[in-house]
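Coordinate inspection notes
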Amino acid sequence: MNNTESQLIELLSRAIRKDNNIKIYDNVNWDNFINIATDHNIEGVIYSIINNNKDKLNISDELLERMKAFAFYTGIAQVRKIAYLDIVFKEFNDNNIPVIALKGLVVRELYPEPDQRSMCDADVLVNEKDIPRITEVLKNIGYDLESEDEHFHLKFRHRLYPMIEVHWSLIEGKELDEFLWKNTIKTKIINTEITTLGYEDFALHLCHHMVHHMIGMGFGLRQIADLVLFTEAYRYKIDWTSFRNKAKEQEIERFTLIIFALCRNLF
């Protein structure tokens, strides 16, 4: 890595832990720094730590203002999305549809500033038999089904609300393991109780998500930061022997070992 990339990793690592004891690198190309941060959707995540250390970092006022504006609009957008999703999940609960919240909707709460962990859509997991019911609920709220030819999830779009991807399997081509439902945990989105995966299943899901994206357009620093934060928050609640056995069964053991080594080396 060059100094620009090293400074970005350093600031992201400190930002997600709310630690201002930063290392300063020389010869940082700040224009390139901002472009990389934008590409990885972490500009809002690192804004506060950059602003708190602007004199040390020698970043221009112009670029700092650009980041400030980005963070402001990201925060507003995310607050609105979460408020809308609170309504959606209340509808799921009111209609007694078991739903498991996935990925960003859960992991965002681990960030020091959750509304700066941007989230474009919401992913949920349901039993396949509940697809007709959840489709009806979403259509009643104003969602439209985008397509019906997906293999393991459906996409629903709304004029105002975030897009929702409804999954009936966590791994394409494999049936949902019913044991997942016995191992779920409860959390909240604003005022509504929601269900999410158990700790080791959630960590595995984050790894599977990176595998899925690697095959296509690739994954970035935000996904790695998600895994770092989740692991640090719940490392003593995860049964790591079970985690590794499941990773082996699901044929991603080598990938997870590489990813955790990457997390350790970068963060």
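Now for a quick tour of the structure. (Residues numbered from 1 in each chain as written. Predicted model: local features only at pLDDT ≥ 70, side-chain atom pairs only at ≥ 80, totals over all residues. Heavy atoms only, no water.)

Points about the overall build of the chain
- In terms of helices and strands, the chain carries twelve helices and seven strands.
- Rg of the C-alpha trace for the chain: 19 Å, near the compact-globule value of 18 Å for 267 residues, within the 12% margin.
- Counting only C-alpha atoms and orienting by the principal axes, one finds that the chain spans roughly 55 × 40 × 30 Å.
- Evaluated residue by residue, the chain yields a buried proportion of 52% over its 267 residues.
- Of the roughly 14000 Å² of accessible surface on the chain, a fraction of 46% belongs to carbon and sulfur atoms.
- Looking at the chain, you have 32 positive and 41 negative side-chain charges, and the mean spots of the two groups are 4 Å apart. (Helix = DSSP H or I, 4+ residues; strand = E, 2+ residues; numbered from the N terminus. Rg over C-alpha atoms; globule rule 2.2 N^0.38 Å. Buried < 20%, exposed > 50% of the residue type's maximum accessible area, 1.4 Å probe, protein only. Areas by Shrake-Rupley, 256 points an atom, 1.4 Å probe, with all protein chains shown as cover. Lys, Arg positive; Asp, Glu negative; His and termini not counted. Charge placed at Lys NZ, Arg CZ, Asp CG, Glu CD.)

What to know about the environment of lysine 155
- Mapped onto the elements, lysine 155 comes out in strand β4 (residues 153-157).
- A relative accessible area of 21% means that lysine 155 is categorised as partly exposed.
- Spatially, the C-alpha atoms of lysine 155 and valine 106 are 19 Å apart, while their sequence positions differ by 49 residues.

Here we look at the packing of helix α2 (residues 30-39) against helix α3 (residues 43-52)
- Relative to each other, α2 and α3 sit at 135°, their axes nearing to 8 Å. Classed by the angle they form, the pair α2 and α3 counts as oblique. Seen from α2, the contacting residues are Phe33, Ile34, Ala37 and Thr38; seen from α3, they are Glu43, Ile46 and Ile50.
- In terms of residue class, the contact of α2 with α3 is built from five nonpolar, one polar and one charged. (Axes fitted to C-alpha atoms, helices over the stretch in contact; angles between N-to-C directions. Parallel < 35°, antiparallel > 145°, perpendicular 65-115°, else oblique. Contact = heavy atoms within 4.5 Å. Nonpolar A, V, L, I, M, F, W, Y, C, P; charged D, E, K, R; others polar.)

Some points on a nonpolar patch on the surface
- Taken together, the side chains of Phe72, Tyr73 and Ile76 define a hydrophobic patch exposed on the protein surface, amounting to about 340 Å² of accessible area.
- You can see tyrosine 73 is positioned in helix α5 (residues 61-94).
- What makes tyrosine 73 exposed here is its relative accessible area of 58%. (Patch = residues over 30% accessible without salt bridge, like charges linked within 9 Å, V, L, I, M, F, W, Y side chains within 5 Å. Salt bridge = Lys/Arg side-chain N within 4 Å of Asp/Glu carboxyl O.)

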